[in-house]
Amino acid sequence: MLAGTLMKIAIQGELGAFSHEACQKNFPKAEVVPCAVSSEVFEALESGRADAALIPIENTLAGPVVVHYDLLLEHDFHVNAEFRLRIEHQLLAVPGTTFADIREVLSHPVALDQCRKFFAKNKKIRSVSFYDTAGAARHVIEEGKTSQAAIASRAAAEVYGAEILKSNLEDDARNYTRFFLVERKARASKDANKVSVAVGLPNKPGMLFKALSVFALREIDLTKIESRPVRGRPWEYAFFLDFLETDRKAAENALRHLDEIAQFVKVLGRYKASE
């Protein structure tokens, strides 16, 4: 499905969230279906209320979004694309507010944590955790207090009519979030060069080494490895791997080899690596 194609895309968070911003950037004509929690995103896709889901999977500062790894393992969906979004935190307030008026700033805990230097420099301003960045922006505008501000995206400023008092509050300019486009069916792509898989391994000495060796022996570049507990099976783990598929035959042989030693191998998706 090409960028700009009319479709319904489910996101976690309210309108104006960074997932909404990523959706606007890559699918400007799509209808966004906001969902309160991640499980609702997958329910919207499963029921057909949405054609696809755009989910954050990893942030360069905060790390993996573990709930989405769990949901990808739980559901029989397919990752068909990945995108990267530069995360730029804006200080949003009621129009007419001055920076000197601000006494507290609301945002999601992860966003607040990514703006530590701002709070260290402005000690009179208190950080307040909120469930969602966009929700914080909406709350500030609805409350109408000039003593409050929110840290959120430019999209949130547009959606809720907030004024941007300061831009780029994030501590690290190299702050990116990687998103997966998830759909009910796999889409064949001629330029696909990256694969995401989930692997279950028996709890025996050297099993992880053996699993990784199937890629090393074929000089396949692993770009990501993440472990997650398997629900209902204490002290057992699933490993999520991303690798570059420059040689399709070598990749297929590696997966066949992996299947011989693993408890399960689930290919989550083949797609073009984001640039």
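See the structure printed just above.
Note that the structure is predicted; figures quoted are calculated from it, not measured. (Residues numbered from 1 in each chain as written. Predicted model: local features only at pLDDT ≥ 70, side-chain atom pairs only at ≥ 80, totals over all residues. Heavy atoms only, no water.)

A. Structural detail: the overall build of the chain. Along its length, the chain carries 9 helices and 15 strands. Here the C-alpha atoms of the chain give a radius of gyration of 21 Å, agreeing with the 19 Å that 2.2 N^0.38 yields for 275 residues. In terms of its C-alpha atoms, the chain occupies a principal-axis envelope of roughly 65 × 40 × 35 Å. A separation of at least 24 residues holds for 72% of the contacts in the chain among residues at least 6 apart in sequence. Roughly 13,800 Å² of accessible area belongs to the chain as shown, and the carbon and sulfur atoms make up 51% of that amount. Of the side-chain charges in the chain, 37 are positive and 37 negative, and the distance between the mean point of each set is 3 Å. (Helix = DSSP H or I, 4+ residues; strand = E, 2+ residues; numbered from the N terminus. Rg over C-alpha atoms; globule rule 2.2 N^0.38 Å. Contact = heavy atoms within 4.5 Å. Areas by Shrake-Rupley, 256 points an atom, 1.4 Å probe, with all protein chains shown as cover. Lys, Arg positive; Asp, Glu negative; His and termini not counted. Charge placed at Lys NZ, Arg CZ, Asp CG, Glu CD.)

B. Highlighting the pattern of salt bridges. Throughout the structure, instances matching the rule amount to 21 salt bridges. With a closest N to O distance of 3.7 Å, Arg49 and Glu40 form a salt bridge. When its relative accessible area of 41% is taken as the criterion, Arg49 is described as partly exposed. Between Asp70 and Arg228 there is a salt bridge, and its shortest N-O distance comes to 2.7 Å. Here the residue Asp70 occupies a position in helix H3 (residues 66-74), and Arg228 occupies one in strand E13 (residues 222-229), the gap between them amounting to 158 residues. (Salt bridge = Lys/Arg side-chain N within 4 Å of Asp/Glu carboxyl O. Buried < 20%, exposed > 50% of the residue type's maximum accessible area, 1.4 Å probe, protein only.)

C. Expanded view of helix H2 (residues 38-47). Of the positions making up H2, those classed as buried are Ser38, Val41, Phe42, Ala44 and Leu45. Axial view of H2: buried residues confined to an arc of 155°, hence all on one face. In this structure, H2 carries Glu46 and Ser47 as exposed residues pointing more than 90 degrees from its buried face. Just downstream of H2 lies Gly48, where phi reads positive at about 90°. (Arc of directions from axis to C-beta.)

D. Here's a closer look at the packing of H2 against H3. Orientation of H2 relative to H3, taken along the N-to-C sense of each, is 35°, at an axis distance of 10 Å. For the crossing formed where H2 meets H3, the hand is right-handed. Together, Ser38, Ser39 and Phe42 of H2 and Val67, His68, Leu71 and Leu72 of H3 make up the contact between the two elements. Along the lines of polarity and charge, the residues of the contact of H2 with H3 split into 4 nonpolar, 3 polar and no charged. (Axes fitted to C-alpha atoms, helices over the stretch in contact; angles between N-to-C directions. Left-handed = near helix turned anticlockwise from the far one by under 90°. Nonpolar A, V, L, I, M, F, W, Y, C, P; charged D, E, K, R; others polar.)

E. Region of the structure containing helix H1 (residues 18-26). Burial within H1 is extensive, with 7 of its 9 residues counted as buried. Listed as buried for H1 are Phe18, Ser19, His20, Glu21, Ala22, Cys23 and Asn26.

F. How the structure looks around the side chain of Ser196. One can find Ser196 in strand E12 (residues 194-200). Among the polar contacts listed, one links the side chain of Ser196 to the side chain of Tyr271, at a separation of 2.7 Å. If sequence neighbours within four positions are ignored, Ser196 has contacts with Phe180, Leu241, Asp242, Lys266, Val267, Leu268, Gly269 and Tyr271. (Polar contact = N/O pair within 3.5 Å; in protein donor to acceptor, adjacent residues only side chain to side chain.)

So far we have only geometry, and geometry alone does not tell us how the molecule works.
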